[in-house]
Amino acid sequence: MTPRILLIDDDARLAAMVAEYLGSSGFEVETAGSLAAGRSKLSAGSYDALVLDLMLPDGDGLDLCKELRSESRTRHLPLLMLTARGEPMDRIVGLELGADDYIVKPFSVPELLARVRALLRRTNPERVATVLSI
């Protein structure tokens, strides 16, 4: 079964590029350009991981991270923050609030792929066995 990734980022070009790259690497990727759209997709579907921007037009991704970690259905959803906030304190706050990994923009797409694979390898290796080979 193909692992499903939700990418919440308001930069449509970046989201399309990441979705295409991850898609060509064996993932099914859905995108959302706002917190509201992301919340809607999360409540309607099931995902193997979430890639989340922090600075979104309708709020802060940190708020969504806190919400997800407080709900039993999404508490263990692997979450990678992908953001322009790159100060050490930003990284610490993101990780302390529940992110499993944190990547600062600009970033390497192959590194993002490797980190998504690593997240999934730790949380659900059987489900992602088809996309773990390099």
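Structure first, text after, so check above.
Examining the overall build of the protein
Part 1 of the argument: If you tally the helices and strands in the protein, you get five helices and seven strands.
Part 2 of the argument: Walking the protein from its N terminus toward its C terminus, one meets helices and strands in the order β-α-β-α-β-β-β-α-β-α-β-α.
Part 3 of the argument: Whereas a compact globule of 134 residues would reach a radius of gyration of roughly 14 Å, the protein reaches 13 Å, a difference of no more than 12%.
Part 4 of the argument: For the protein, the C-alpha atoms occupy an extent of roughly 35 × 35 × 25 Å along the three principal directions.
Part 5 of the argument: Among the 134 residues that make up the protein, the fraction classed as buried is 46%.
Part 6 of the argument: By element, 54% of the accessible surface of the protein is carried by carbon and sulfur atoms, the whole surface being about 6,700 Å².
Part 7 of the argument: Within the protein, one finds 16 positive and 20 negative side-chain charges whose respective centroids are separated by 4 Å.

Quick notes on the environment of A44
Part 1 of the argument: Inspection of the secondary structure assignment puts A44 in helix α2 (residues 35-44).
Part 2 of the argument: The class for A44 is exposed, based on a relative accessible area of 72%.

Observations concerning a nonpolar patch on the surface
Part 1 of the argument: Taken together, the side chains of M89, I92 and V93 make up a nonpolar region of the molecular surface, amounting to roughly 260 Å² of accessible area.
Part 2 of the argument: Relative to the elements of secondary structure, I92 occurs in helix α4 (residues 88-96).
Part 3 of the argument: Exposure remark for I92: the relative accessible area of 44% places this residue in the partly exposed category.

Conventions adopted
Residues numbered from 1 in each chain as written. Predicted model: local features only at pLDDT ≥ 70, side-chain atom pairs only at ≥ 80, totals over all residues. Heavy atoms only, no water. Helix = DSSP H or I, 4+ residues; strand = E, 2+ residues; numbered from the N terminus. Rg over C-alpha atoms; globule rule 2.2 N^0.38 Å. Buried < 20%, exposed > 50% of the residue type's maximum accessible area, 1.4 Å probe, protein only. Areas by Shrake-Rupley, 256 points an atom, 1.4 Å probe, with all protein chains shown as cover. Lys, Arg positive; Asp, Glu negative; His and termini not counted. Charge placed at Lys NZ, Arg CZ, Asp CG, Glu CD. Patch = residues over 30% accessible without salt bridge, like charges linked within 9 Å, V, L, I, M, F, W, Y side chains within 5 Å. Salt bridge = Lys/Arg side-chain N within 4 Å of Asp/Glu carboxyl O.

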